[in-house]
Amino acid sequence: MTDAQDTAADHPLRTPGGGPPDDVVPAPIPLLEPREGIPPVVADDEALAAVVEAFAAGRGPVAVDAERASGYRYGQRAYLVQLRREGAGSALIDPVGCPDLSALGAAIGDAEWVLHAATQDLPCLREIGMSPARLFDTELAGRLAGFARVGLGAMVENVLGYALEKGHSAVDWSTRPLPEPWLRYAALDVELLVDLRDALEEELERQGKLEWARQEFSAIVAAPPAPPRKDPWRRTSGMHKVRRRRQMAVVRELWTARDRVAQRRDVSPGKVLGDGAIIEAALSMPANAGALAALPGFGARMGRRQLEQWQAAIDRARAVPESELPQPGQPLTGPPPPRAWADKDPVAAARLTAARTAVTELAERLTMPQENLITPDTVRRLCWEPPKNPTPETVAEALAAHGARPWQVEQVTPVLVTALSSAA
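Residues numbered from 1 in each chain as written. Predicted model: local features only at pLDDT ≥ 70, side-chain atom pairs only at ≥ 80, totals over all residues. Heavy atoms only, no water.

Q: Would you take a moment to explain the layout of surface pockets for this structure?
A: The gaps left among the atoms become clear once a water-sized probe is rolled over them. Estimated volume of the largest pocket: approximately 860 Å³. Contributing to the lining of the largest pocket are 20 residues, with Tyr74, Gly75, Gln76, Arg229 and Pro232 lying nearest its centre. Residue assignment for the lining of the largest pocket shows that the elements contributing at least two residues are α3 (118–127) and α9 (245–265). At four residues, α3 tops the list of elements feeding residues into the lining of the largest pocket. The residue makeup of the lining of the largest pocket, split by class, is nine nonpolar, four polar and seven charged. The computed volume of the second largest pocket comes to approximately 630 Å³. Forming the walls of the second largest pocket are 30 residues, and the residues nearest its centre are Glu67, Leu152, Ser169, Tyr185 and Asp189. Of all the secondary-structure elements, those providing two or more residues to the lining of the second largest pocket are β2 (59–68), α3, α5 (152–160) and α6 (180–191). Sort the elements by how many residues they give to the lining of the second largest pocket and β2 lands first, with five residues. Across the lining of the second largest pocket, the residue classes break down as 13 nonpolar, seven polar and 10 charged. (1 Å grid on protein atoms, 1.4 Å probe; cavity = no way out; pocket = protein on both sides within 12 Å on 5 of 7 lines; lining within 4 Å. Points joined across faces, edges and corners; volume = space filled by probe spheres on them. Helix = DSSP H or I, 4+ residues; strand = E, 2+ residues; numbered from the N terminus. Nonpolar A, V, L, I, M, F, W, Y, C, P; charged D, E, K, R; others polar.)

Q: What exactly am I supposed to notice about the packing of aromatic side chains here?
A: Here the structure, examined in full by the defined rule, presents five aromatic pairs. Between tryptophan 212 and tryptophan 407, the ring centres sit 4.7 Å apart and the planes meet at 10 degrees, which makes this aromatic pair stacked. Here the residue tryptophan 212 occupies a position in helix α8 (residues 210–222), and tryptophan 407 occupies one in helix α19 (residues 406–423), the gap between them amounting to 195 residues. Looking at tryptophan 212, the relative accessible area reads 7%, which means it is buried. Since its relative accessible area comes to 1%, tryptophan 407 is described here as buried. A network of ring pairs unites the aromatic residues Trp173, Trp182 and Tyr185 as a single cluster. (Phe/Tyr/Trp six-rings, centres within 6.5 Å; stacked < 30°, edge-to-face > 60°. Buried < 20%, exposed > 50% of the residue type's maximum accessible area, 1.4 Å probe, protein only.)

Q: Hey, could you run me through the nonpolar core in this one?
A: The tendency in soluble globular proteins is for nonpolar side chains to be buried side by side. One finds Leu83 and Ile93 to be the most contacted residues of the largest nonpolar core, which totals 86 residues. Formed by 33 residues, the second largest nonpolar core is a distinct cluster that contains Val242, Val261, Ala282 and Phe298. (Core = buried A, V, L, I, M, F, W, Y, C linked by side-chain atoms within 4.5 Å.)

Q: Would you mind showing me how to read the pairing of strand β4 (residues 89–93) here?
A: When a strand is regular, its side chains alternate between the sheet's two faces. Taken across its five residues, β4 has five buried, putting it largely inside the fold. Direction of pairing for strand β1 (residues 41–42) relative to β4: parallel, over a ladder of two bridges. Counted as the bridge partner of valine 41 is leucine 92 from β4. Examined bridge by bridge, strand β3 (residues 78–86) and β4 share five bridges and lie antiparallel to one another. When the sheet's bridge partners are listed, glutamine 82 is paired in β4 with leucine 92. Here β3 folds back onto β4, and the loop between the two strands holds two residues, one of which, glycine 87, carries a positive phi near 90 degrees. (Pairing = 2+ DSSP bridges.)

Q: Can you walk me through the sheet that holds β3 in this structure?
A: Two modes of strand pairing occur in sheets, parallel and antiparallel, and in both the strands are linked by backbone hydrogen bonds. Pairing is mixed across the open sheet formed by six strands, whose spatial order is β1-β4-β3-β2-β5-β6. Pairing within the sheet leaves two strands with one partner each, and these edge strands are β1 and β6 (134–137). Examined bridge by bridge, β2 and strand β5 (residues 112–115) share two bridges and lie parallel to one another. Bridged to valine 62 within β5 is tryptophan 113. Set on the sheet, helix α4 (residues 138–145) makes contact with β5 and β6; between it and β6 the angle comes to about 55 degrees. (Contact = heavy atoms within 4.5 Å. Axes fitted to C-alpha atoms, helices over the stretch in contact; angles between N-to-C directions.)

Right, here's the structure in full:
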């Protein structure tokens, strides 16, 4: 067994369940306190310039976090940015008052940025001019190291022995002024992030996985922005109930109308009109605003003008020519859904079953989630169109072509070669 194959029971920082052993009475966990108090919110150019100067002169990695207003505002823009660096202390920056943070991004551009769940925060940070050249993702590091719970609070508690304040993660961060308890919560999110990074780096090194993590972090930095979703209206909750193409057109028209209103008012689309109401209207196809008002989600509190706005969208869907109605399902860009494999290609289905079993067993030996070992989509694509001769060389080449990192190729190629060969 290699260092990277330590079992969960051998892990020095946790147990398989993420807590202390059953026969150990846990000591009270101290609540984390800000070392220098809560910093003032930076909301003007003069204060921002002072922060830029301080962080440029700081030392070592920079802890970075961002707060959005998901569920309250349209889009995923940042409403608060938190940073901490040795020699600079902590900073809380209001991107509403300081919408361009490119000078700050440049000041710390050569440093390693430490984020928790980096892929969630990087898009909104890039919108305001902040983009790292190097990063360390503490959530992803925790996954690779095999931690059972990888939320920031759980990681700080299990690894560093401190409890983070809870209760403000889902608040409306677009609120102004931000209440002091929220600012305290935000400041604490970066208080020990570099300490957590250092402990996780040591643990990954102990397990022989540090180079794996570095490859993952580099891939995050190099990844291009996600392209816009095709037909995003198809993701309306409850869409599986809608079977007819004309009803699908109603969903499309209502979703589009709602999105325009939400964007104009800068509110979450769900606060304009719920997904459930859209589906009810599509299934019922009301003939007029009066009939629409009787449906769930279009109640008495909705004004006549709003009802007419939604009814107009339904009427537009009624008028769509038959040839322009949406088709059921989305065009496939890869293999069919696995549930259809047994009928379409029983041999491919056997390959997929063998490959999934092999990947699951290997992930368990390496104590990490199997989706971090290799993405399920990569396994499906390999099994649907495998190399004609599944040798270590051809399988490795196919995995790399699907975007697998070198460490992933090295780990999974042997077991996938065996799985493909046995299924054949």
